[in-house]
2 protein chains.
Amino acid sequence: MADSEEAYLQIGEVAERTGVTQRTLRFYEEKGLLRPPTRMDGGFRLYCEDDVRRVKHVRRLQDLLGLTLAEIKDMVEAEEMLRELKAQYRPDADVSEKKRQLRKAIDVVTHQHNIVSQKAEQMSEMKTQLDERLRTFSRWMTELERVERKAPVA
Amino acid sequence: MADSEEAYLQIGEVAERTGVTQRTLRFYEEKGLLRPPTRMDGGFRLYCEDDVRRVKHVRRLQDLLGLTLAEIKDMVEAEEMLRELKAQYRPDADVSEKKRQLRKAIDVVTHQHNIVSQKAEQMSEMKTQLDERLRTFSRWMTELERVERKAPVA
DNA sequence: CATAACCTTGACGTAGGGGTAAAGCGTGGC
DNA sequence: GCCACGCTTTACCCCTACGTCAAGGTTATG
């Protein structure tokens, strides 16, 4: 322990910190949404902080946007490509390929942005309706209580 | 035809108008989310306008709020109770029971309101992040194009 | 070294449907 | 009256995204 600077995490801790189950983590790995983590000698999975972020990201795309894991996989792969692109500090290597990858990432993010915008709008619509109903119910409740005072329990 | 004033709908038309499949409509019925519709002599289902509204409502709760069908069932049942309550025009009958039902409906709507509010907030957070990323990507793209002009294809 | 606490793979179950088959209804044309 | 054609019926298996054991291996601790 304290072998390298990196604090490695076992699956239980990752599960706790991300709010998903261990089963889900193994499932994501199986489906290619999480890169296979390194293992201890005994076979235990060892995750890093980046994996935690990745899981949280996947969950947001699922919960907020309602995307399927297949769609999410495409997205995180495009985003991963982008990260590699950033890491490549050779400034001259194949610019057109870089442009292609960047364009792909832009497409993905734009798509996400469109979905968020649309859903956000529907949400605010729904919120308005719910507000209205709550006010109506509140009036009814007041009315019921008024009736109750005028004619107490039979 | 033109027998009664009510325009009854077959499953195909309901499917088209709600955007769900016929399979889904039968599934919802099976799960108790839709009250079993009346049938023609031959067994064909006959829906009414109210059923259409109901399906759309269920879908909003699913897509926007991400609720399970079991949760949604509870909600629509509470809302149904409320509609019956509204229809009972005997103003004196069992006020405390009415209050109980109304309170239940208020709970349901409040719950939905909470979820919407929470999700809406997360959405706007995500939207901000996506905006930021899009701007960054746009800068990178500009930079790549600048590099390309200075050193054309090798 | 024993024991608890953690982890492994594997298999089966469940929710929310999709697809398709094989059959039955309904209605207009002749 | 009968046929063709489209719509509907139930029934069955397939899929995704996991939940839930079961049976056993690993690691940390006294």
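In what follows, the structure referred to is the one given above.
Note that this is a predicted model, so its numbers are computed, not measured.

The next thing to look at is the protein's contact with DNA strand C. Surrounding DNA strand C, one finds 23 residues, the nearest of these being Gly 12 and Arg 26 of chain A together with Thr 21, Gln 62 and Leu 69 of chain B. Each atom of DNA strand C within 4 Å of the protein belongs either to a base or to sugar and phosphate, the latter forming 79%. Side-chain polar atom of Gln 22 of chain A to a phosphate oxygen of DNA strand C: 3.0 Å apart, as the coordinates give it. At 2.8 Å, a side-chain N or O of Arg 26 of chain A approaches a phosphate oxygen of DNA strand C. Those elements giving two or more residues to the surface near DNA strand C turn out to be α1 (11-18) and α2 (22-30) of chain A together with α2 (22-30) and α3 (49-63) of chain B.

All names here are of chain A. Packing of helix α4 (residues 69-87) against helix α5 (residues 95-150) brings their axes to within 9 Å, and their N-to-C directions diverge by 140°. By the angle class used here, α4 and α5 are oblique. Viewed along their axes, α4 and α5 form a crossing whose handedness is left-handed. Across the interface between the two elements, Met 75, Ala 78, Glu 79, Met 81, Leu 82 and Leu 85 from α4 touch Lys 98, Gln 101, Leu 102, Lys 104, Ala 105, Val 108, His 111 and Gln 112 from α5. When grouped by side-chain class, the residues that make up the contact of α4 with α5 number eight nonpolar, three polar and three charged.

In this section: the nonpolar core. Judged by nonpolar contacts, the single largest core of 72 residues is most densely connected at Leu 25, Leu 65 and Ile 72 of chain A together with Leu 25 and Leu 65 of chain B. Among the elements that take part in this core, helix α5 (residues 95-150) of chain B stands out by supplying 14 residues, more than any other. Shared between two domains, this core takes at least three residues from each, and those domains are domain 1 (1-63) and domain 2 (74-154) of chain B.

The second copy of the chain is related to the first by a rotation about an axis and a shift along the axis. Rotating chain A by 180° about the axis while translating it 0.0 Å along that axis superimposes it on chain B, leaving an RMSD of 0.2 Å. Look at the turn and shift together and you get a two-fold axis relating the two. Looking at the rotation axis and the C-alpha trace of chain A, the residue lying nearest is Ala 120 of chain A, at 3.2 Å. When the interface residues of chain A are mapped onto chain B, 100% of them again fall at the interface, so both copies present the same face.

This brings us to the interface of chain A and chain B. Between chain A and chain B, the contact holds 41 residues from the first and 41 residues from the second. In this assembly, chain A packs against chain B so that about 4100 Å² is buried in total across both faces, 78% of it on carbon and sulfur atoms. Summed over the three residues of chain A that lose the most area to chain B, namely Leu 64, Met 123 and Met 126 of chain A, the buried surface amounts to 17% of that side. Residue Lys 99 of chain B pairs with Glu 148 of chain A through a salt bridge whose shortest N-O separation is 3.0 Å. Summed over the shared surface of chain A and chain B, the result is six residue pairs in polar contact (both at pLDDT 80 or more). At the level of elements, α3 (49-63), α4 and α5 of chain A are the ones that each hand at least two residues to the side of chain A that touches chain B. With 32 residues, α5 of chain A is the single largest residue contributor to the side of chain A that touches chain B. In terms of residue class, the side of chain A that touches chain B is built from 21 nonpolar, seven polar and 13 charged.

Analysis parameters
Residues numbered from 1 in each chain as written. Chains lettered and ligands numbered in written order. Predicted model: local features only at pLDDT ≥ 70, side-chain atom pairs only at ≥ 80, totals over all residues. Heavy atoms only, no water. Near = heavy atom within 4 Å. Polar contact = N/O pair within 3.5 Å; in protein donor to acceptor, adjacent residues only side chain to side chain. Helix = DSSP H or I, 4+ residues; strand = E, 2+ residues; numbered from the N terminus. Axes fitted to C-alpha atoms, helices over the stretch in contact; angles between N-to-C directions. Parallel < 35°, antiparallel > 145°, perpendicular 65-115°, else oblique. Left-handed = near helix turned anticlockwise from the far one by under 90°. Contact = heavy atoms within 4.5 Å. Nonpolar A, V, L, I, M, F, W, Y, C, P; charged D, E, K, R; others polar. Core = buried A, V, L, I, M, F, W, Y, C linked by side-chain atoms within 4.5 Å. Buried < 20%, exposed > 50% of the residue type's maximum accessible area, 1.4 Å probe, protein only. Domains from an automatic or database assignment. Least-squares fit on C-alpha atoms with pLDDT ≥ 70 in both. Buried area = accessible area lost by both parts, 1.4 Å probe. Salt bridge = Lys/Arg side-chain N within 4 Å of Asp/Glu carboxyl O.

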